[in-house]
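Structure assessment
Chain residues, written in single-letter form:
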Amino acid sequence: MTLAPARTEPVMQNVLVLQGGGALGAYQAGVYEALAKVDCRPDWVAGISIGAINAAIIAGNPPGKRTERLRAFWDRVSSELQYRLDEPIGFARRAFNEASAAIASTFGIPGFFSPRFPPALPEWPAEFGALSYYDTSPLRQTLLDLVDFDQLNRGPTRFSVGAVNVLTGNFIYFDNREREIGPEHVMASGALPPGFPPVKIDGEWYWDGGLVSNTPLQYVLDNRPLCELTVFQVDLFSARGIVPRTLSDVFQRDKDIRYSSRTRLNTDMSKKLQEFRAAAHRLVQKLPEEMRGDADLRLLLDHQPFGPVTIMHLINRCDPYETNSKDYEFSRMTLNEHWAAGLADAEYSLAHPDWTGRAREPDEITTFDLAGQRR
C-alpha cells in the first residue's frame, strides 16, 4: 500500500479537532452528524484517545457512511441498561450512572476492552505489554470492522493522532501524510495507563497522548497549510466549572481541569507568532536594498504569514447528575444523551448569527464559543 501523492493545498480547509474523554466521545459523534447535515466535510481530522477513534472512523469511511459507522461504534460499545425516566433526575440518576460505570469497570466493554485474568499485580513483574488492568484486543477488531484503512491512508482526508513515547516521554503525532496508518496507531493514542496497555510500533512503546496534551489543536495550528482554516474544536471536558460541594465533586473537577483544553493559551501563542511573521514581511519593505539579503532576515521571512483561522469551540458541559465516572459510563441511554447534546450544540452554533456573519481578517485567529448560550 502506498501513500497518496502530495496535493496542492486549496484556499480554504475545514479541520475537525477531537479531544480525548472515553464515553463522552459520543458528543463528538453528534457534532459530526450536525456538520454532515450541512455538508461540511473536514479536510483534516485530528484526535487524541477516543477522539482518535472517532477520527479514524470519519477519515476511514466515505462521507455517506461516516455517521452510520459512528453510530455502529457507539452502539457496539454501549450497554442496554435502562433508567426509569419517570424518576426525578437527581440522586437516583447519579446512582444509576455509578452502577453502569461499575459494571463497565468490572466486566469491560464489548468491542472495546476486557479485564485481564488473572489481573496484573502492583509489584509482580510481567511483560510490559500486559501491564494494565484491561486488554484492548477487542478494540483492534472493532477498528478493522468499522474503518477502511486503505481509505484512511489514500483518501482525501488528512488524519493525525497523538501519542506519547513511553521511554522518552516525547509527544508524537502519527499523520497519514507522513506514514502508513494502521489500527495500532489509533490504539496507541488511546492507551491510557494503567487501565489500557501500551502499544508497540516500530520497536517503540506508546501511551495515550492525553498524558501530555488532551487536544490536537496546537499540532494543527503549528502544521497548518498556507490557507484559510475553519477549525471545529470539540472538547469533552470543560475548563470552567463550579466550586465542589462533595468529595465526589472534587474528583470530577480535578479530572475536568486535568483534561480540558487550554484553548486560550494555544490561540494566544499562535496569534503572537502570526503577528511576528506579518511584522517581518512589513519590515523588509522598509529596509535598504543592501540589508534585504541578511541571513537573520531571511530566517524570519521563511516563516510565511498564514491565512486567517476561525475556531468554533464546542464543549461538552456535564449534566448535574454526572460524576467522576462520566468518562467510563457506557450505558446506551447516557451515550445517546451525549450524542444528542453534541448534535444540538453544533446545530445551534452553525446557525448562530455571530457565526454566519463572522468576518475573516487576514492572518488572524478568531475563536467562537456559542453553544454555552444554548445551555
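Everything below is about the structure printed above this text.
The structure contained in this document is the topic of the report that follows. (Residues numbered from 1 in each chain as written. Predicted model: local features only at pLDDT ≥ 70, side-chain atom pairs only at ≥ 80, totals over all residues. Heavy atoms only, no water.)

So, the overall build of the protein
Defined as follows: Counting from the N terminus, the helices are DSSP H or I runs at least four residues long and the strands are E runs at least two residues long. The quantity called the radius of gyration is restricted to C-alpha atoms. Its globule counterpart is 2.2 Å times the number of residues to the power 0.38. In this scheme, a residue with accessible area under 20% of its type's maximum is buried, one over 50% is exposed, and one in between is partly exposed, where area comes from a 1.4 Å probe on protein chains only. Residue contacts are defined here by distance: any two heavy atoms, one from each residue, within 4.5 Å place the two residues in contact. Only the protein chains shown count as cover for residues, with accessible areas throughout obtained via the Shrake-Rupley method and a probe of 1.4 Å.
When its secondary structure is counted, the protein shows 14 helices and 11 strands. Relative to a compact globule of 375 residues, whose C-alpha radius of gyration would be 21 Å, the protein shows 22 Å and is just as compact. Projected onto its principal axes, the C-alpha coordinates of the protein cover approximately 75 × 50 × 40 Å. Here the protein, with 375 residues, has 50% of them falling under the buried criterion. Taking the intrachain contacts of the protein between residues at least 6 apart in sequence as the baseline, contacts between residues at least 24 apart amount to 76%. About 18000 Å² of surface is accessible on the protein, with carbon and sulfur atoms providing 57% of the total.

Considering helix 4 (residues 91-107)
We count it as follows: One less than the residue count of a helix, multiplied by 1.5 Å, gives the span that helix is expected to have. As used here, the arc belongs to the directions running from the helix axis to the C-beta atoms.
For helix 4, spanning 17 residues, the distance from its first C-alpha to its last is 24 Å, which sits close to the expected 24 Å at 1.5 Å a residue. Turning to helix 4, its buried residues number three or more, namely Arg93, Phe96, Asn97, Ser100, Ala101 and Ala104. Projected onto a plane normal to the axis of helix 4, the buried residues spread over an arc of 130° and lie on a single side. Turned more than 90 degrees from where helix 4 packs its buried face, Phe91 and Phe107 sit exposed. Buried-residue contacts for helix 4 involve helix 12 (332-351). In the stretch just after helix 4, Gly108 is the one whose phi turns positive, near 85°.

Some points on the nonpolar core
The line we're drawing: What makes a nonpolar core is a set of buried Ala, Val, Leu, Ile, Met, Phe, Trp, Tyr and Cys residues whose side-chain atoms join them at distances within 4.5 Å.
In this structure, Leu16, Ile53, Phe73, Trp74, Phe112, Phe159 and Phe330 are the most contacted members of the largest nonpolar core, which totals 66 residues. Considering each element in turn, this core owes the most residues, eight residues, to helix 2 (residues 50-59). What Phe112 contacts, discounting residues up to four positions off in sequence, is Ile50, Ile53, Val77, Asp135, Thr136, Pro138, Leu139, Phe196 and Phe330. Residues Trp44, Leu229, Ile311 and Ile365 belong to the second largest nonpolar core, which totals 16 residues.

Some points on unusual backbone geometry
At the junction of Phe117 and Pro118, the peptide bond is cis and its omega measures out at -5° in the coordinates. If you trace the backbone, Pro118 turns up in the loop between strand 3 (114-115) and strand 4 (134-135). Residue Pro194 is reached from Pro193 by a cis peptide bond, and omega for that bond is -5°. Within the fold, Pro194 resides in the loop between helix 7 (183-189) and strand 7 (199-201). Phi at Asp39 is positive, roughly 60°, even though this residue is not glycine. You can call Asp39 exposed: its relative accessible area is 52%. We note that Ser49 has phi near 60°; this positive angle belongs to a residue other than glycine. Its location among the elements puts Ser49 in the loop between strand 2 (44-47) and helix 2. Judged by relative accessible area, which is 13%, Ser49 ranks as buried.

A few points about the pairing of strand 5 (residues 158-165)
We apply this condition: Between any two strands, at least two bridges found by DSSP are needed for them to pair.
When you tally the buried positions in strand 5, you get eight out of eight residues, the bulk of the element. The alternating pattern of strand 5 places Arg158, Ser160, Gly162 and Val164 on one face and Phe159, Val161, Ala163 and Asn165 on the opposite face, and all of these are buried. Where strand 5 and strand 6 (residues 171-175) come together, five bridges link them in antiparallel fashion. Each bridged residue has a counterpart across the sheet, and for Val164 the counterpart in strand 6 is Phe171.

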